[in-house]
Amino acid sequence: MGPHPAVAAIRLAVRRALHDILNDHQTSSAEKTPHERPPSPLVLVACSGGADSMALASALAFEAPKLGIRAGGITVDHGLQPGSDLRADEVALRLRELGLDPVESVAVTVGREGGPEAAARDARYAALDAASARHGACAVLLGHTRDDQAETVLLGLARGSGIRSLSGMAAVSGAGGRYRRPFLQLDRQTARKACLVQSLPVWDDPHNADPAYTRSRLRHEGLPALEKALGKGVVEALARTAQLSRDDADALDAWASQAETAVRDAAGLLECAKLYALPPAVRRRILRRAAIEAGAPAGSLFARHIEEVDRLITAWRGQGAINLPGKVVAQRQGGRLVIRQG
Ligand SMILES: Nc1ncnc2c1ncn2[C@@H]1O[C@H](COP(=O)(O)OP(=O)(O)OP(=O)(O)O)[C@@H](O)[C@H]1O
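Residues numbered from 1 in each chain as written. Predicted model: local features only at pLDDT ≥ 70, side-chain atom pairs only at ≥ 80, totals over all residues. Heavy atoms only, no water.

A. Quick peek at the domain arrangement of the chain. Segmentation of the chain into domains returns domain 1 (5-238) and domain 2 (263-341). Put simply, the middle of domain 1 and the middle of domain 2, counted by C-alpha atoms, are 38 Å apart. (Domains from an automatic or database assignment.)

Have a look at this one:
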C-alpha cells in the first residue's frame, strides 16, 4: 500500500523542487574545477515547528537521500515569547529525529523597523542567509502554502500598488535562487493532514491566531468571509492570480527596461514628450526606477508618489517640484524630467 494521499502530495512537491535544485546545482558546479566541487549538495529546510514546515521537513528527509542530496534543517528562535529557546531546541530535536543533519537552532534579536511582522521576517531571513552560507547549502526550503500565497495577494491588493504587489511570493527567490517554496501549489490542510497521519507533533504559533496581526485577521476573518461569499475556489483563484500577475509584471518590467534607453537624451535626461507617448504602465515603471536610482527608498515610494510625478508629464500646467521620500525631488525643466536628490 502506498503512502496516504496527503503524504504522497507533499513528497511529490518536494521531489519536484529537489530535481530543479539538482539541475541548477549541476549547471553551476560544471563551471567549477573538480577540486572546488562540493561532495554532494546540501539542502536545508527552514522549520518553525508549525504544520507546514514540519511536513516539508519530513518530505525532505524522505526524498533527499534517494537523490543523493544531504538534508539539514534550521529553526530560528525569534525570542518573542517566554520559553521560545526551549521550543526551538525541541524543534531541532524533532528535525534530528527525522534524520536531518546538520540541524541548527539560531537565536536572533528582532528589531522594530517596519512593524513587528516585518522586523521578525527581516531577522529570520538574515539568520537563514547566514546559516545557509555557513553550511554551504545550495538551497533553503520554505513551507509557504497556497493559502499563504492567497493571503499575500489580498494584502497586495489592499495596498493598491499594482500587479507586482499582486504577484505574491515567487517559487524561487533570493540570491542565486537560494529560497525555494515547494508547497506554493499545495493547500495548508494537506500539509496538516500529512503531519497528522505521520504522527508528527506540530506547534501552532500563537501569533498566527493573534488578531493584533494583519495576516492573522485575514486568515481567520477575511478569507473565510470571502470563501463564504464567493465559494471555496477563491484561495486557488487568488494563487493563480499571483502567477498570472507575476508573468505580466515581469513582461512590463522588461518592456520598461528597453523603453528607458529610448526616452533618454544624449545627456541621459528623461525626455517628457517621449515619456508621454508610452503606455502609462510602462512610463510609471520608468519613473519609479528613476526615483529609486536617485535615492528614494523603494519601500517608502508609493503609487501616489509616482502618480504625482506622472502628472508632470501627462497634466503639465507649470506645477512646481514634487518632493519624494529620501529627499528626492522631481521637476520638469525645459521638456526634460529631472529627478535627483537635493
Ligand atoms: N522560526 C522559524 N524558523 C525557521 N523557519 C521559519 C520560522 N518561521 C517561519 N519559517 C519559515 O517560513 C515559512 C513561512 O512561515 P509563516 O510563519 O509565514 O507561515 P506558517 O504558515 O505559519 O508556516 P508554518 O506552519 O511552517 O509555521 C515556514 O513554513 C518556514 O519555512
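B. Spatial organisation of helix H4 (residues 116-135). Taking 1.5 Å per residue as the helical rise, H4 with its 20 residues ought to reach 28 Å, and the 29 Å between its terminal C-alpha atoms agrees with that figure. Within the span of H4, buried status applies to Ala118, Ala119, Ala120, Ala123, Tyr125, Ala127, Leu128, Ala131 and Ser132. Note on H4: the residue one or two positions beyond its end, Gly136, has a positive phi of about 65 degrees. (Helix = DSSP H or I, 4+ residues; strand = E, 2+ residues; numbered from the N terminus. Expected span 1.5 Å × (residues − 1). Buried < 20%, exposed > 50% of the residue type's maximum accessible area, 1.4 Å probe, protein only.)

C. Quick look at the sheet that holds strand S6 (residues 179-180). Read from one edge to the other, the open sheet built from six strands follows the order S3-S2-S1-S4-S6-S5, with strand pairing classed as mixed. Sheet topology places strand S3 (103-107) and strand S5 (172-173) at the edges, where each strand pairs with a single neighbour. The pairing of strand S1 (residues 42-46) with strand S2 (residues 70-77) spans five bridges and is classified as parallel. The partner of Val45 across the bridge, within S2, is Gly73. (Pairing = 2+ DSSP bridges.)

D. Spatial organisation of the nonpolar core. The biggest cluster of nonpolar side chains holds 35 residues, and the ones touching the most others in it are Ile10, Leu18, Val43, Leu60, Leu95, Leu100 and Phe183. Counting only elements with at least two residues in this core, the list comes to helix H1 (5-30), S1, helix H2 (51-63), helix H3 (84-97), strand S4 (139-141) and helix H7 (188-197). Residues contacting Leu95, with those up to four places away along its chain left out, are Cys47, Met54, Ala57, Gly73, Ile74, Leu100 and Val103. (Core = buried A, V, L, I, M, F, W, Y, C linked by side-chain atoms within 4.5 Å. Contact = heavy atoms within 4.5 Å.)

E. Seen up close, the packing of H2 against H7. Two elements in contact, H2 and H7, have axes whose closest approach is 8 Å; the angle formed by their N-to-C orientations is 60 degrees. One way to sum up the angle between H2 and H7 is to call them oblique. The interaxial crossing formed by H2 with H7 has left-handed handedness. Packed against H2, whose contacting residues are Ala51, Asp52, Met54 and Ala55, the element H7 presents Arg188, Ala191, Arg192 and Cys195 at the interface. Residues that form the contact of H2 with H7 fall into these classes: five nonpolar, no polar and three charged. (Axes fitted to C-alpha atoms, helices over the stretch in contact; angles between N-to-C directions. Parallel < 35°, antiparallel > 145°, perpendicular 65-115°, else oblique. Left-handed = near helix turned anticlockwise from the far one by under 90°. Nonpolar A, V, L, I, M, F, W, Y, C, P; charged D, E, K, R; others polar.)

F. Examining the pairing of strand S10 (residues 336-341) more closely. Pairing between strand S7 (residues 270-271) and S10: two bridges, direction antiparallel. Note that in S10 the partner of Leu270 across the bridge is Leu337. With six bridges joining them, strand S9 (residues 328-333) and S10 adopt antiparallel strand pairing. Bridge pairing in S10 links Val328 to Gln341. Hairpin connection between S9 and S10: a loop of two residues separates the two successive antiparallel strands, and Gly334 in this loop has a positive phi of roughly 55 degrees.

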